[in-house]
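If you want the building blocks of each chain, they are given just below.
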Amino acid sequence: MMWRISVQSVRHYWALFAGTFVALALGVALIGVSASALAATWAVDATPDGSTPSVTLKDGTGAARTLSSGDLDMGGVQSVLAMAGVVSAFVTVFVIAGTCAFGIALRRRDMGLLRLVGAGGGQVRRMVLGESLAVAVPAAVAGCAVAAVTAPLAVEALNGTGLSPVDLRPGPLLWPLVFAAGSGLVIAVLGMLAASKRAARVRPTEALREADLDSRTMTAGRAVTGVLALLGGAVMVALAPGSGTEAATPLALFGTMALAVAATLLGPLYLPPLLRVMALPLRWADPVAGRLAAESVRTSRRRTASLVGPVLAILAIVGVFTTVLSTTGGATSADDRARTTAQLVVEPAGDGGSLDQEAVDRLREDPRVAAVSAPAPLEIAVAGPHSAWKEQAALADPVALSRTHRITVVDGSLKPLEPGTVAISREFAEWYGHRAGSTVTYGLFGGEPVRAKVAAVLDGGSAVPSVVLPPDTRGASPAPAPERAAVLLDERGAASAGAAAARLTERLGADRVRVLPTETWFGRSATDQDRLNNLVLAVLTVPASLYALIAVASTLVMSYSRRGREITGMRMIGVSAGQVRRMALWETLATTTLGTLIAAAVVAWGVRAYQGSLSVFGGGAPLSVPWGMLGTLVAACVLVGVVVSLAATGRLLRRVSTASTATRQ
């Protein structure tokens, strides 16, 4: 019986449920595409060539661990896709939960009528859950169909970004689509489950109310959840500055997400007063339409919160992820610049490749060169107490490195490395509990395990690799070579770095090397890094942003599907069609602007805390905000809101006009 009522209800209120259907179908598609891309990375053979050099180490438990130098590192692209999945899942849950709750709030009078004719609270709840299944099942099927078509295209597009070390191939879609469909059904049922509790508590007297949304906007569950999210987010953000970069990243991200949830749940309490203040200029600029818009957003508190919510959610999640990533890159670049004392950077003339030893030796022989550091990077295997892993190392002279870069000795002493000794970075020492005098077990691929004593712990940012090996270390296959050299000039050469660069280029040969002043080299490197960062940000945010924009449109369609009587009443008392349209315009602009401001405040809180966890040599970390991307997203939210609200208002006005004409005839 209740199932039949559920199906009939969905058919009757198709415009109301269309928003939920679209949001859920696209959410399932988004999850399905993310899962398919991750499955494509998992299907890559990590060891494509079994003949590559390997090394076997014993960890602290005595277990033998064999690692190969030919193993592909898919961790970077998998991390990006996992973060994209987190963003997509958060936005999907946020939108679906808000859409379900809003749909129930819009039908309080209908629920009251059911209670008035004898339906019990349990029956109403089963009806609501039946509605969710009636919408969720076809939405999940539609979402899977969209994902099946777009997943191969998404994988090909991912190959074009260069984020993966090898080209990915679309794999079987069965399990990713099953996961996406199951996730969509669970999200829909959980979202409607919370709303069904509220529907079951609707009293029969609600059928006699004229206002649908003005009563009981803040339930006890909504208030408690909002307060807990606020406290949890505030605690995480407060802990971020003193927790170190590794721990600060998840604290700032998830803390900001919790604050965004709290801001949405508690919206009915603080949004109407804020909107009333914002609407004061409208009352003066457009007395009739502005006053109507101000009273509408003030009295219909639940509708106002539901319209602000999607804008707040997408701007908060995209804002915090993009700003944290940009700030991290900016802090690393600023730290590198501050630590570099060398005036010149020498690198191979062509893109990629490495410097030959002859070029490095001739640099050191130049009479105006005071010091040259040319670390030769290589990958090694390191054994720990319970496992073994790959680590970035370099063959380098720490004394020369300390002359071309500002390096602090945290523990031990700075001197040339002898055979059987290594230097390690401060981060490596903190992560794995090493100090000067302790022993590190490592292995070169194709060689034997080596137990080396830690001679020094160095703090030098990215200039110091995790493990520094003696320059005369042999046995690595292939033999490592420096990618670039940092050159410190004497007082005569430092007076004119440009002239020194030209002279060294002529001496070494422009066909072999490229000599650049340090600032010029950093500028070129920053451009390349910005391109990579923009690719990562696009993978993270563009799909979720498009989905959220559609959710904004769906919420507006749901809202206007129940405002026919309101607009009819306005026309009856003499409000012109133009004034009604301007009222809709002011409402949309007010709610979008307020959602943007609240998201900006939430993001600023989280990002400032994260900024405090970053350290830059000699100063604070700069705050880097991708204004272009965020400004485009805000403009898109405004455009979508204005177009949909004016279109929906025009449709209702035409319906009112048609009804009036029929009545006169």
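Quick note: structure is the one above.
Read on for an overview of the structure.

What counts and how
Residues numbered from 1 in each chain as written. Predicted model: local features only at pLDDT ≥ 70, side-chain atom pairs only at ≥ 80, totals over all residues. Heavy atoms only, no water. Pairing = 2+ DSSP bridges. Helix = DSSP H or I, 4+ residues; strand = E, 2+ residues; numbered from the N terminus. Axes fitted to C-alpha atoms, helices over the stretch in contact; angles between N-to-C directions. Contact = heavy atoms within 4.5 Å. Patch = residues over 30% accessible without salt bridge, like charges linked within 9 Å, V, L, I, M, F, W, Y side chains within 5 Å. Areas by Shrake-Rupley, 256 points an atom, 1.4 Å probe, with all protein chains shown as cover. Salt bridge = Lys/Arg side-chain N within 4 Å of Asp/Glu carboxyl O. Core = buried A, V, L, I, M, F, W, Y, C linked by side-chain atoms within 4.5 Å. Buried < 20%, exposed > 50% of the residue type's maximum accessible area, 1.4 Å probe, protein only. Left-handed = near helix turned anticlockwise from the far one by under 90°. Nonpolar A, V, L, I, M, F, W, Y, C, P; charged D, E, K, R; others polar. Phe/Tyr/Trp six-rings, centres within 6.5 Å; stacked < 30°, edge-to-face > 60°. Arc of directions from axis to C-beta. Polar contact = N/O pair within 3.5 Å; in protein donor to acceptor, adjacent residues only side chain to side chain. 1 Å grid on protein atoms, 1.4 Å probe; cavity = no way out; pocket = protein on both sides within 12 Å on 5 of 7 lines; lining within 4 Å. Points joined across faces, edges and corners; volume = space filled by probe spheres on them.

We now examine the sheet that holds strand β4 (residues 369-373). Spatially, the four strands line up as an open sheet ordered β4-β12-β3-β13, and their pairing is antiparallel. The sheet is open, and its two edges are formed by β4 and β13 (513-517), each paired on a single side. Taking each pair of neighbouring strands and ignoring which way they run, the sheet shows an average axis angle of 25°. On the sheet, helix α13 (residues 357-365) packs against β3 (344-348), β4, β12 (485-489) and β13 and is oriented at approximately 150° with respect to β4.

Here we come to a nonpolar patch on the surface. A cluster of nonpolar side chains, namely F21, V22 and I550, defines an oily patch on the protein surface of about 190 Å² accessible area. Of note, F21 is situated in helix α2 (residues 14-42).

Let us now look at the nonpolar core. Residues V91, I314 and I317 are the most contacted members of the largest nonpolar core, which totals 90 residues. With residues up to four places along the chain from it excluded, the contact list for V91 reads I314, I317, A544, Y547 and A548.

On to the pairing of strand β1 (residues 54-58). Residue alternation in β1 divides its side chains into a buried set, V55 and L57, and an unburied set, S54, T56 and K58. With five bridges joining them, β1 and strand β2 (residues 64-68) adopt antiparallel strand pairing. Bridging across to β2, T56 finds its partner in T66. Two successive antiparallel strands, β1 and β2, enclose a turn made up of five residues, where G62 displays a positive phi of approximately 90°.

Attention now goes to the packing of helix α9 (residues 267-278) against helix α20 (residues 577-611). Contact pair α9 / α20: the axes reach a minimum separation of 11 Å and the direction vectors enclose 115°. Crossing of α9 against α20: the hand is right-handed. Note on element contacts: α20 touches α9 through A590, T591, T593, L594 and I598, opposite Y270, L271, L274, L275 and M278. In terms of residue class, the contact of α9 with α20 is made up of eight nonpolar, two polar and no charged.

Inspection of the entire model under this criterion finds 16 salt bridges. Note that K390 is salt-bridged to E379, the shortest N-O span being 4.0 Å. Residue K390 is located in strand β6 (residues 388-395), and its partner E379 is located in strand β5 (residues 376-383); the two are separated by 11 residues in the primary sequence. Connected via shared salt-bridge partners are D335, R339, R426, E427, E430 and D459.

When we look at a pair of aromatic rings, we describe it by the centre distance and by the angle of the planes. For the structure on display, the rule yields four aromatic pairs. Judged by centre distance (4.5 Å) and plane angle (25°), the rings of W389 and Y432 are stacked. Note that W389 is positioned in strand β6 and Y432 in helix α15 (residues 426-432), a separation of 43 residues in sequence. Through a chain of ring-to-ring contacts, the aromatic side chains of W389, F428, W431 and Y432 assemble into a single cluster.

Among the residues making up α13, those that are buried are A359, V360 and L363. In an axial view of α13, the angular spread of the buried residues amounts to 100°, which keeps them on one side of the axis. Looking at the packing, one finds that the buried side of α13 touches β3, β4, β12, α17 (497-508) and β13. Two or three places before E358, at the start of α13, stands the capping residue D356, its side-chain oxygen 3.2 Å from that residue's backbone nitrogen.

As enumerated under the stated definition, the model contains five cavities of 30 Å³ or more in all. The volume enclosed by the largest cavity comes to roughly 80 Å³. If you trace the largest cavity, you find it lined by L307, P310, V311, V552, T555, L556, T588, T591, T592, C637 and G641. Those elements that place two or more of their residues in the lining of the largest cavity are α12 (301-339), α18 (518-560), α20 and α21 (627-664). Its residues assigned to classes, the lining of the largest cavity comprises six nonpolar, five polar and no charged.

What follows is about the environment of S613. Mapped onto the fold, S613 is located in the loop between α20 and α21. The spatial distance from the C-alpha of S613 to the C-alpha of L239 is 9.6 Å, given a sequence separation of 374 residues. Apart from the residues lying within four places of it in its own chain, the contact partners of S613 are A240, P241, G244, T245 and A248. A polar contact of 2.6 Å, which involves the side chain of S613, links it to the backbone oxygen of Y610.

Here β6 lies mainly inside the structure; six of its eight residues are buried. Bridge count for β5 against β6 is eight bridges, and the pairing is antiparallel. Bridging across to β6, I380 finds its partner in E391. In this antiparallel pair of consecutive strands, β5 and β6, the connection spans four residues. Bridge analysis of β6 against strand β11 (residues 467-469) gives three bridges, and the strand direction is parallel. Bridged to L395 within β11 is L469.

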